[in-house]
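# Descriptive analysis of the structure
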Amino acid sequence: MRRPRPVTAVLAAVLASVLAAVLPPSPAAAGDGPPLPARMARTGGGTQLITAEAPGARSTTGTVSWWDRRGGRWVRVGSTAARFGANGLVEGGRRRQGTSTTPTGLYRLPYAFGIDAAPPGTDVRYRRVTRDSWWCQDNRSRAYNRWVEGLPRDCRASEAEHLVTYGRRYAHALVIGFNYARPVRGRGAGIFLHVAGRGPTAGCVAVPARAMRRILAWADPARRPHIAIGTVSGPTALTRY
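Residues numbered from 1 in each chain as written. Predicted model: local features only at pLDDT ≥ 70, side-chain atom pairs only at ≥ 80, totals over all residues. Heavy atoms only, no water.

Along its length, the protein chain carries three helices and 14 strands. Across the protein chain, contacts joining residues at least 24 apart in sequence account for 60% of those joining residues at least 6 apart. Here the protein chain displays about 12800 Å² of accessible surface, and carbon together with sulfur accounts for 52% of that area. (Helix = DSSP H or I, 4+ residues; strand = E, 2+ residues; numbered from the N terminus. Contact = heavy atoms within 4.5 Å. Areas by Shrake-Rupley, 256 points an atom, 1.4 Å probe, with all protein chains shown as cover.)

This is the structure we're talking about:
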């Protein structure tokens, strides 16, 4: 004859069944399913992708992850905390310059730059910042949304970033191809993935210095890396891009 189970064991079993019925699944269980890039409409056609995801359009913080496509599947290589614009995120096609919003969308990464030398292993094209390096944001200039060595006469210093003055934030950076190939005046200029400062950005995506170095050493131009910026859900959800 089987002996009765102790009362404490019975109570523990009952409690476990009740909790299983009312509590949400664990993070590991909730995360099961296709990886984020596999759920996106487009990834740029390459085999490397950076995702910058915010909880919502008003968020100033979120997560940046970088992914490889291996054997037909997307594999996350790394992940880190991220900062976005002080006024959150907005659809790239509707963004206006000077609004401190991060543009959502899928973008190329034309090249990298920095005040410091390129991290070991960097294969992407890398430009070293000099004391004459500026990023023109003057809507009246022919150099709008472009790096210039020496400020052109038609680009006002008050409407440009003197790159060397940004210190550790521009120790290393990647140019995000927002409004870059065919710039639309007034939409915005100088959107980068760069080293995080103490707070939100003016519209860029920012990550810790160590993560920025890792991303530069990982990125392979032959694999056509892109960056996708968006939110978890809603009209600016990453899965739309």
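Moving on from the coordinates now.
If you check the backbone angles, Asn 145 has positive phi at about 60 degrees while not being a glycine. Residue placement: Asn 145 occurs in the loop between β8 (133–136) and β9 (146–149). On the basis of relative accessible area, Asn 145 is assigned to the buried category, the value being 2%. Unusually for a residue other than glycine, Arg 224 sits at a positive phi of about 50 degrees. Within the secondary structure, Arg 224 sits in the loop between α3 (209–218) and β14 (226–231). (Buried < 20%, exposed > 50% of the residue type's maximum accessible area, 1.4 Å probe, protein only.)

This structure, assessed with the given rule, holds one disulfide. Cys 136 shares a disulfide with Cys 155; S-S distance 2.3 Å. Between Cys 136 and Cys 155, the S-S torsion sits near 120 degrees, and that sign places the bridge as right-handed. Here Cys 136, found in strand β8, pairs with Cys 155, found in the loop between β9 and β10 (160–162); they are 19 residues apart in sequence, far enough to count as distant. Residue classification places Cys 155 among the buried positions, given a relative accessible area of 3%. (Disulfide = S-S within 2.5 Å.)

So, on to the packing of aromatic side chains. By the definition in use, this model includes nine aromatic pairs. For the ring pair Phe 113 and Phe 192, a centre distance of 5.0 Å and an interplane angle of 75 degrees mean the geometry is edge-to-face. Taken together, the positions of Phe 113 in strand β6 (residues 112–114) and Phe 192 in strand β12 (residues 192–195) put the pair 79 residues apart, joining distant regions of the chain. Take Phe 113: its relative accessible area is 0%, and that puts it in the buried class. Between Tyr 166 and Tyr 170 the ring centres are 4.6 Å apart and the planes differ by 15 degrees, which places this aromatic pair in the stacked class. Its relative accessible area of 23% is what places Tyr 166 among the partly exposed residues. Relative accessible area serves as the criterion here: at 2%, Tyr 170 is assigned to the buried category. An aromatic cluster is present here, built from Tyr 111, Phe 113, Trp 135, Trp 147, Tyr 166, Tyr 170, Tyr 180 and Phe 192 joined pairwise through their rings. Above the face of the Tyr 180 ring, Arg 146 is positioned so that its terminal group lies 3.9 Å from the ring centre. Its end group placed over the ring of Tyr 241, Arg 240 keeps NZ or CZ at 5.4 Å from the ring centre. (Phe/Tyr/Trp six-rings, centres within 6.5 Å; stacked < 30°, edge-to-face > 60°. Lys NZ or Arg CZ within 6 Å of the ring centre and 35° of its normal.)

Turning to the side chain of Asn 145, a few remarks are in order. A polar atom in the side chain of Asn 145 sits 2.9 Å from the backbone nitrogen of Gly 190. Excluding residues within four positions of it along the chain, Asn 145 makes contact with Trp 135, Cys 136, Phe 178, Asn 179, Tyr 180, Gly 188, Ala 189 and Gly 190. (Polar contact = N/O pair within 3.5 Å; in protein donor to acceptor, adjacent residues only side chain to side chain.)

To continue, consider the nonpolar core. Counting 29 residues, the largest nonpolar core has Ile 50, Val 64, Leu 174, Ile 176, Leu 193 and Ile 229 as the members making the most contacts within it. Contributions of two or more residues to this core are made by β1 (48–54), β2 (61–70), β12, β13 (205–207), α3 and β14. A per-element tally of this core places α3 first, with five residues. Setting aside its immediate chain neighbours within four residues, Ile 229 contacts Ala 52, Phe 84, Leu 89, Thr 102, Pro 103, Thr 104, Gly 105, Tyr 107, Ile 176, Val 205, Leu 238 and Tyr 241. Counting residues in hydrophobic clusters, the runner-up holds 14 residues, among them Phe 113, Trp 147, Ala 173 and Phe 192. (Core = buried A, V, L, I, M, F, W, Y, C linked by side-chain atoms within 4.5 Å.)

Bringing the side chain of Asp 68 into the picture now. Inspection of the secondary structure puts Asp 68 in strand β2. Overall, the relative accessible area of 6% leaves Asp 68 in the buried class. Within the local environment of Asp 68, its side chain forms a polar contact with the side chain of Arg 70, the two groups lying 3.2 Å apart. Here Arg 223 takes part through its side chain, which lies 3.5 Å from a polar atom of the side chain of Asp 68.

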